[in-house]
Amino acid sequence: MIFELFTDILIVFAIALIVGMIFNRIKVPPLVAFILTGVIVGPYGLSIIKGQDQVTSLAEIGIILLLFTIGLEFSFKELWKIRLIAIVGGALQVGLSFAFFCGLAFMWGLPANEAILMGFLFSLSSTAIVLKILHQRGEMDSPHGSIALGILIFQDLMAIPMIMAIPFLASIPQLHSTPLFSGDALLMLVIRDLVIIFILIVSAKWIIPRVMHEIARTRNQELFLLVVILTCFGVAWLVSFTGISIAIGALLAGLIISGSEYSHQAASIVLPFRDIFTSFFFISVGMLVDVRVLLANFWLVLFLIILAIVAKTLIATAAPLALGYPLRTAAMTGLALAQVGEFSFIIAQSGFMTGILPFETYQMFLVVALITMAVTPFVITIGQPVTGRLCELPALSRIAQGTCGLDDERLRRKHKDHLVVIGYGVTGRNLAFTARKAGILYNIIELNPDLVIDARNGGETVVFGDATGEGVLNHAGIPDARIVVVAINDPVATRKIVSLCSSLNPSLSIIVRTRYVSEVESLYSLGADEVIAEEFETSVEIFTVVMNKYFVPRDRIESFITDVRANGYQMLRNRSVGQGTLPDLVRHIPNITLTSLTVEPKSPLAGTTLGEINLRKRYNLLVLAIRRGEEVLTDLGGETRIEEGDVAIIYATPEDIAKGAGLFTGK
């Protein structure tokens, strides 16, 4: 028995490895590879695996650990931060999806309990696949990434009552013959849920934290592992006596520990086991797929796949639109949530085991769900061109531009030579604050309606809209602006914005904040003048802290910083340049830069002329221009007088700038 199980596991892992490597090349999630492995080795495939009962047992352990770790990683604090989109947007998406697919199943002639189950199955999306793809694309912090995360969290929470409702659905074969909710059944359901909530609260607040604290004091990792596993399986076992599945009990166990300070350590211990056993679950699902059903109902299955993707996309797009988000963001969210989720497999399997789903219906669902998950990377990839076309349709122009009746009246006053800030996050807020203090005119573009309201309450001038639309950029005055700063977390949208800004105003200075150095090259090629990579600037900040710890003089640190920025970014700017400008010249001359220094009240330069001080000869500082109030002096000579408050534009090496800076400050 043990030898046969060991042989089966070896075969499963070997085939899963081969299929996974192939799928990795074409960017298909490994979860799909596990399901296909099950199809290959299962009884409807090559019939390689004989001990299917053992694999199913391992799969059940995988589901328990999967739900346990989901409970561990769940944070009510994080949910509260995105409560609007998670609760309202999630409720809209789940409610509309359930109503559509449940109603469609009724029209198809399915029994009441089966139709309701279909509504459950198609209202959920894959958290594992979507978050992994968004992370790989660097879009987790993008607007559509944040919205998708909030809706997925709500879906995961809704999966709990869906799974709990399956035994009840199994007891009502037809809606017209049995009431959906009898009084006694509803009362028992409420009492049972209240008991579970009471146990959850008491355990989370007093029992589990006290026990884990005592175990942690022993500093014994083996004992800590035992108490984590004991909590997981123990709570799941106790909850199962109420009629709830062991898997839901494991989720509740994870929620109990998630409120303690030991949740991260517990998750790190369980994760390796979860990944191994969860793979068995999806392999076991694949073993149940009968390819003959697919071949016999090919056109029907194809129709259901297209229907599921299109319907889920449209419904998931409607939820963010209802909350006031622009069309592009809503559509990108809808495309990301267009597949069936992993929880749907758990619900479907329970429905099949309890007799709600007939064999053929269950088989068709498995095939439809599997293919929607497999095509998810390709569906998300086409999001950018699809949403771009949508935003160009005249009938959708108002929504696409994101104005939606929230236009800022102050924008009717046309600015000129102003600053445009795209994105009102931390960078945008700080930039707006300093621009206001410096007396610089500026406009803000933001597509998060909550941030727009906050900004307007603070007296800011804001365009509500998607900056990837030309109409929004025109409305913010890009053609007449001097500088635009792009500070958003969507790399795809950032590239499109840079390209549009460059075409709308060729003389515009485009400054971009990006997260990774790898994105710098493409942004320069699209027309950016300056690209600030957070990854690079973090390294500068780190070595600054290190130098301070070694008591390196501040002027030398400043020189190092200027030198690193001048030379470090130069290595990232390998782009072809057309007509040369002064900034381009500075960029391509090693160890030389442009900077501006203010003449402070105590400066010995105040009241002298350029000829008297002779900065070029004595300090190697070339003064290119002087800004005095609103006036910029460029026709400089030896008789030009330097006054207190002047801002001198200096051209020199970082070392000479560091040495001569004291002349301007008087220190």
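Look up: the structure comes first, before these words.
Residues numbered from 1 in each chain as written. Predicted model: local features only at pLDDT ≥ 70, side-chain atom pairs only at ≥ 80, totals over all residues. Heavy atoms only, no water.

Draft legend 1. Helix 8 (residues 143–170), seen in detail. Over its 28 residues, helix 8 runs 40 Å from end to end, which matches the ideal 40 Å to within 8%, given 1.5 Å per residue. Where helix 8 bends most, at methionine 164, the angle is about 30 degrees, and the proline proline 167 comes one to four residues later. (Helix = DSSP H or I, 4+ residues; strand = E, 2+ residues; numbered from the N terminus. Expected span 1.5 Å × (residues − 1). Bend = angle between axes of the 7 residues up to and from the residue.)

Draft legend 2. Spotlight on the pairing of strand 8 (residues 622–628). Taken together, the 5 bridges between strand 8 and strand 10 (residues 647–652) define a ladder with antiparallel strand orientation. Along strand 10, the bridge assignment pairs valine 623 with isoleucine 650. Note that strand 8 and strand 9 (residues 631–633) share 3 bridges and pair antiparallel. Note that in strand 9 the partner of arginine 627 across the bridge is valine 632. Hairpin connection between strand 8 and strand 9: a loop of 2 residues separates the two successive antiparallel strands, and glycine 629 in this loop has a positive phi of roughly 65 degrees. (Pairing = 2+ DSSP bridges.)

Draft legend 3. Up close: the side chain of glutamate 446. Structurally, glutamate 446 is set in strand 2 (residues 442–446). An unpaired buried charge is present at glutamate 446: no salt bridge exists, and arginine 429, the closest side chain of opposite charge, is 7.5 Å distant. Only 2.6 Å separates the side chain of glutamate 446 from the backbone nitrogen of tyrosine 424, close enough to count as a polar contact. (Buried < 20%, exposed > 50% of the residue type's maximum accessible area, 1.4 Å probe, protein only. Lys, Arg positive; Asp, Glu negative; His and termini not counted. Salt bridge = Lys/Arg side-chain N within 4 Å of Asp/Glu carboxyl O. Polar contact = N/O pair within 3.5 Å; in protein donor to acceptor, adjacent residues only side chain to side chain.)

Draft legend 4. Summary view of a nonpolar patch on the surface. Residues Leu187, Met188, Ile191, Val195, Phe198 and Ile199 make up a contiguous nonpolar surface patch of about 600 Å² in total accessible area. Examined against the element boundaries, leucine 187 turns out to sit in helix 9 (residues 183–217). (Patch = residues over 30% accessible without salt bridge, like charges linked within 9 Å, V, L, I, M, F, W, Y side chains within 5 Å. Areas by Shrake-Rupley, 256 points an atom, 1.4 Å probe, with all protein chains shown as cover.)

Draft legend 5. Quick peek at the sheet that holds strand 5 (residues 509–514). The parallel open sheet is built from 6 strands, whose spatial order is 3-2-1-4-5-6. One side of each edge strand has no neighbouring strand; the edge strands of this open sheet are strand 3 (462–464) and strand 6 (530–533). Neighbour to neighbour, the strand axes of the sheet diverge by 15 degrees on average, direction disregarded. Where strand 2 and strand 3 come together, 3 bridges link them in parallel fashion. Each residue of the ladder has a partner; that of isoleucine 444, found in strand 3, is valine 462. (Axes fitted to C-alpha atoms, helices over the stretch in contact; angles between N-to-C directions.)

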